[in-house]
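Report on the structure
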Amino acid sequence: QVQLVESGGGLVHPGGSLRLSCAASGFDFRNYVMNWYRQAPGKERELVASISVTGAVLKYADSVKGRFTISRDNAKNTVYLQMNSLKPEDTAVYYCNLNRGCDYWGQGTQVTVSS
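Quick caveat: nothing in here was measured; it's all calculated off a predicted structure. (Residues numbered from 1 in each chain as written. Predicted model: local features only at pLDDT ≥ 70, side-chain atom pairs only at ≥ 80, totals over all residues. Heavy atoms only, no water.)

1. A closer look at the nonpolar core
As a reminder of what qualifies: Put simply, a nonpolar core is a bunch of buried Ala, Val, Leu, Ile, Met, Phe, Trp, Tyr and Cys residues held in one set by side-chain atoms that sit within 4.5 Å of each other. Here the term buried applies to any residue with accessible area under 20% of the maximum for its type, exposed to any over 50%, and partly exposed to those in between, with areas from a 1.4 Å probe on protein chains only. Helical segments are the DSSP runs of H or I of at least four residues, strand segments are the runs of E of at least two, and each set is numbered from the N terminus.
Judged by nonpolar contacts, the single largest core of 30 residues is most densely connected at Leu4, Met34, Trp36, Val79, Leu81, Met83 and Tyr94. Of all the secondary structure elements, the ones that give two or more residues to this core are strand E3 (18–25), strand E4 (34–39), strand E5 (46–51), strand E7 (68–73), strand E8 (78–83), strand E9 (92–100) and strand E11 (109–113).

Right under this line is the structure:
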């Protein structure tokens, strides 16, 4: 079955960096677009970034352009989200997502940006 396992979250000061990873299994990873979403307290889940099967970036949310970088390693079945210049408003639970007819989600990883 599909499994998505996120890691790399934590507490970071404003201006800091984190790298999130999502290890995927149970499907042919190299053939699917992968996404990162986030959900802040009291807000709807929003799309942060999407990446094509070949590694081309499909989309960044306007709020993260120039600061976040999505990438993937098809040999490792892993998608990454490098987050730089973090702001308090980036605080959220970050989720890895696969849409294969229906949505599959990981358990999420908490990112907290605070001084």
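Right, picking up where we left off after that structure.
2. Remarks on the environment of glutamate 6
Short version of the rule: We define a polar contact as two N or O atoms separated by no more than 3.5 Å, with the added condition that, inside protein, one atom must be a possible hydrogen donor and the other a possible acceptor, whereas residues neighbouring each other in sequence contribute only through side-chain atom pairs.
Along the chain, glutamate 6 turns up in strand E1 (residues 3–7). Given a relative accessible area of 4%, glutamate 6 falls into the buried group. Counting along the chain gives 10 residues from glutamate 6 to glycine 16, while the straight-line C-alpha distance between them is 19 Å. A polar contact of 2.7 Å, which involves the side chain of glutamate 6, links it to the backbone nitrogen of cysteine 96. From its side chain, glutamate 6 meets the backbone nitrogen of glutamine 107 in a polar contact 3.0 Å long.

3. A look at the packing of aromatic side chains
Each aromatic ring pair is specified by the distance between its two centres and by the angle formed by the two planes. Put simply, the test is: Here a Phe, Tyr or Trp ring, Trp counted by its six-membered ring, pairs with any other such ring whose centre lies within 6.5 Å, and the pair is stacked when the planes are under 30 degrees apart, edge-to-face when over 60, and tilted otherwise. Both a distance and an angle decide whether a charge sits over a ring: NZ of Lys or CZ of Arg must be within 6 Å of the ring centre and within 35 degrees of the ring normal.
Scanning the model with the defined rule gives 4 aromatic pairs in all. Consider the rings of tyrosine 95 and tryptophan 105, whose centres lie 6.2 Å apart with planes at 85°: the pair is edge-to-face. Taken as a pair, tyrosine 95 in strand E9 and tryptophan 105 in strand E10 (residues 102–105) lie far apart in primary sequence, 10 residues in all. Through successive ring pairs, a cluster of aromatic residues spans Phe27, Phe29 and Tyr32. If you follow arginine 45 out to its NZ or CZ, it ends over the ring of tryptophan 105, 4.4 Å from the centre.

4. Some thoughts on unusual backbone geometry
Comment: phi is negative for the bulk of residues other than glycine, and the bulk of peptide bonds are trans. Even without glycine at this site, asparagine 77 takes up a positive phi of about 50°. On the accessibility criterion, asparagine 77 (26% relative accessible area) is partly exposed. Phi angles above zero are rare outside glycine, and serine 85 is one such case at about 50°. You can see serine 85 is positioned in the loop between E8 and E9.

5. As for the side chain of arginine 38
Operational definition: It only takes one pair of heavy atoms within 4.5 Å for two residues to be counted as in contact.
With respect to the helices and strands, the residue arginine 38 is situated in strand E4. Side-chain polar atoms of arginine 38 contact the side chain of aspartate 90, separated by 2.9 Å. A distance of 2.9 Å separates a polar atom in the side chain of arginine 38 from a polar atom in the side chain of tyrosine 94. Residues within four places of arginine 38 in sequence aside, it is in contact with Glu44, Arg45, Glu46, Val48, Ser63, Val64, Phe68, Glu89, Asp90, Ala92, Val93 and Tyr94.

6. Some details on the state of the cysteines
Where two cysteines share a covalent bond between their sulfur atoms, that bond is called a disulfide. Applicable threshold: We call a pair of cysteine sulfur atoms a disulfide whenever their separation is within 2.5 Å.
Counting across every chain of the model gives 1 disulfide. At a sulfur-sulfur separation of 2.2 Å, the disulfide partner of cysteine 22 is cysteine 96. Here the disulfide of cysteine 22 and cysteine 96 is left-handed, its torsion about the S-S bond being about -80°. On the criterion of sequence distance, the pair formed by cysteine 22 in strand E3 and cysteine 96 in strand E9 is long-range, its members being 74 residues apart. One exposure class covers both cysteine 22 and cysteine 96, and it is buried. In this model cysteine 102 remains outside any disulfide bridge; the closest cysteine sulfur is found in cysteine 96, 14 Å from its own. Under the relative-accessibility criterion, cysteine 102 is labelled partly exposed at 40%.

In short, geometric facts, not functional conclusions.
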